[in-house]
Amino acid sequence: NHISGFVSIMRGCNNFCTYCIVPYTRGRERSRDVESILNEVADLVAKGYKEVTLLGQNVNSYKGEDAEGRRWDFSDLIYRINAIDGLQRIRFMTSHPKDLSDELIEVMKHSRKICRHLHLPLQSGSSRILNLMNRKYTKEQYLTLAAKIKEAIPDISLTTDIIVGFPGETDEDFEQTLRLVQDTRFDLLFTFLYSPRTGTPAASYEDNASPQDKQRRFERLLKTQDDIVAEKQAAYQGKTLRLLVDGAAKGPDYPYTARTEGNLLVCVRGENIQIGEFIQAEIEKTSLRCLFAVKK
């Protein structure tokens, strides 16, 4: 849309989560060199793009080289991108919890270009299931990392992925996931009912839970998260937020769509609104999926 651009910084994956086919179809991780990424971002900015999203199966494990052959990790790369004149917002995804470094948290903490949004896939709140998934972290390690991030960046919007019904998941495993969601209070969940992928180890795992059990768990998780989101959304009532207007809405009452730093969807009304501009807007009402605002 010439407002938000997407830049791939690496290909492939080395993690071999037991449910995922990506390492078999896309191969091992291959990071692009630093200069090619910086040039692509600078080119987008020159064309008028306001924000970029850096993409990779696991951006935290980025390892690239510059023109002098020096090695750069993801925190180095994002620091360099942060210095590009004219770029106003930086996003990235996806982050693997086992590789998210203290250095990256520090860069995010001190940069006003890096959006206060982090997508940090959990997949399960049970350490036993995480081990079966080959995620390489425990529930406790995830909770420690989430707490560290929130302490460093209190206004962070934390979102995650969760798979319900992974082979071998018991009611107790699911209850652990539910408790973690209630305690962490994610801003958004991307939830999935497990489905086997041919060629992955998990496709051969024994699965004793019925489809009805899995659907029941899935609906409980959605209801729990909806209650959290409703409370979080309601807290924005009357607040003034900086928004990037990025498109036209479907309804006439609030004819434009916009995004907050935390990647919340906002429908906006007001005079002299231009797609592609940043505006200050006051939240008039809220819903589960969208905020509604008037330009100030």
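### Comments concerning the sheet that holds strand 9 (residues 157-164)
- If you walk across this open sheet you meet the three strands as 8-9-10, and the pairing is parallel. Looking along the sheet, the strands with just one partner apiece sit at the ends: strand 8 (117-119) and strand 10 (188-193). Going from strand to strand, the sheet's axes swing by 15° on average, the running direction of each strand aside.
- Two strands pair when backbone bridges link them, and strand 8 and strand 9 are joined in this way by three bridges, in the parallel orientation.

### A closer look at the sheet that holds strand 1 (residues 4-8)
- Spatial strand order, 1-4-7: three strands in an open sheet with parallel pairing. A single partner strand is all that each edge strand has here, and the edge strands are strand 1 and strand 7 (89-93). Adjacent strand axes in the sheet meet at a mean angle of 25° when their direction is disregarded.
- Bridge count between strand 4 (residues 51-55) and strand 7: five bridges; the pairing is parallel. Directly across from Val 52, in strand 7, lies its bridge partner Ile 90.
- Running over the sheet, helix 3 (residues 74-82) touches strand 4 and strand 7 and is turned about 155° from strand 7.

### A word on the packing of aromatic side chains
- Taken as a whole and judged by the stated rule, the model has eight aromatic pairs.
- Relative to Phe 186, the ring of Tyr 142 has its centre 6.4 Å away and its plane inclined at 55°; by these criteria the two rings are tilted. Here Tyr 142 is found in helix 6 (residues 139-152), whereas its partner Phe 186 is found in the loop between helix 7 (171-184) and strand 10, with 44 residues between them in sequence.
- Considering the side-chain rings of Phe 166 and Tyr 194, the 5.4 Å spacing of their centres and the 70° angle between planes classify their relative orientation as edge-to-face. Here the residue Phe 166 occupies a position in the loop between strand 9 and helix 7, and Tyr 194 occupies one in the loop between strand 10 and helix 8 (211-234), the gap between them amounting to 28 residues. As far as burial versus exposure is concerned, Phe 166 and Tyr 194 are alike and both buried.

### Focus on a nonpolar patch on the surface
- Taken together, the side chains of Leu 188, Phe 190 and Phe 192 make up a nonpolar region of the molecular surface, amounting to roughly 260 Å² of accessible area.
- Assignment of secondary structure puts Phe 192 in strand 10.
- Under the relative-accessibility criterion, Phe 192 is labelled partly exposed at 42%.

### Re the pattern of salt bridges
- With the rule as written, the count across this model stands at 26 salt bridges.
- A salt bridge links Asp 66 to Arg 70; the nearest nitrogen and oxygen atoms lie 2.8 Å apart.
- For Asp 66, a relative accessible area of 6% translates into the label buried.
- The salt bridge partner of Asp 227 is Lys 223, with a shortest N-O separation of 2.8 Å. One end of the pair, Asp 227, and the other, Lys 223, are both in helix 8, four residues apart, so they sit about a helical turn from each other.
- Among the charged side chains, a salt-bridge network with shared partners connects Glu 169, Asp 171, Asp 213, Arg 216 and Arg 217.

Rules used throughout
The numbering scheme is per chain: residues are counted from 1 as the chain's sequence reads. Where totals are concerned, whole chains, interfaces and linings use all residues; where local detail is concerned, this predicted model gives features only for residues with pLDDT of at least 70, and gives and counts side-chain atom pairs only at 80 or more. Values reported for side chains reflect all heavy atoms of the structure, with hydrogen atoms and water molecules removed beforehand. Note on pairing: DSSP must find at least two bridges between two strands before they are called paired. Only runs of H or I of at least four residues qualify as helices and only runs of E of at least two qualify as strands under DSSP, and these elements are numbered from the N terminus. For helices, the fitted axis covers only the stretch in contact; all axes are lines through C-alpha atoms, and the angles between them, taken along N-to-C directions, range from 0 to 180 degrees. The contact definition used throughout considers only heavy atoms, calling two residues in contact when any of these lie within 4.5 Å. Classification of ring pairs uses Phe, Tyr and Trp, with its six-membered ring standing for Trp, and accepts pairs whose centres are within 6.5 Å; under 30 degrees between planes counts as stacked, over 60 as edge-to-face, and the remaining range as tilted. The buried label goes to any residue with under 20% of its type's maximum accessible area, the exposed label to any with over 50%, and the partly exposed label to all in between, with areas taken from a 1.4 Å probe on protein chains only. Patch membership requires over 30% relative accessible area and the absence of a salt bridge. Like charges are linked within 9 Å, and nonpolar side chains (Val, Leu, Ile, Met, Phe, Trp, Tyr) within 5 Å. We get accessible surface area from the Shrake-Rupley algorithm with a probe of 1.4 Å; when it comes to residues, only the shown protein chains can shield them. Think of a salt bridge as a Lys or Arg side-chain nitrogen and an Asp or Glu carboxyl oxygen that are within 4 Å of each other.

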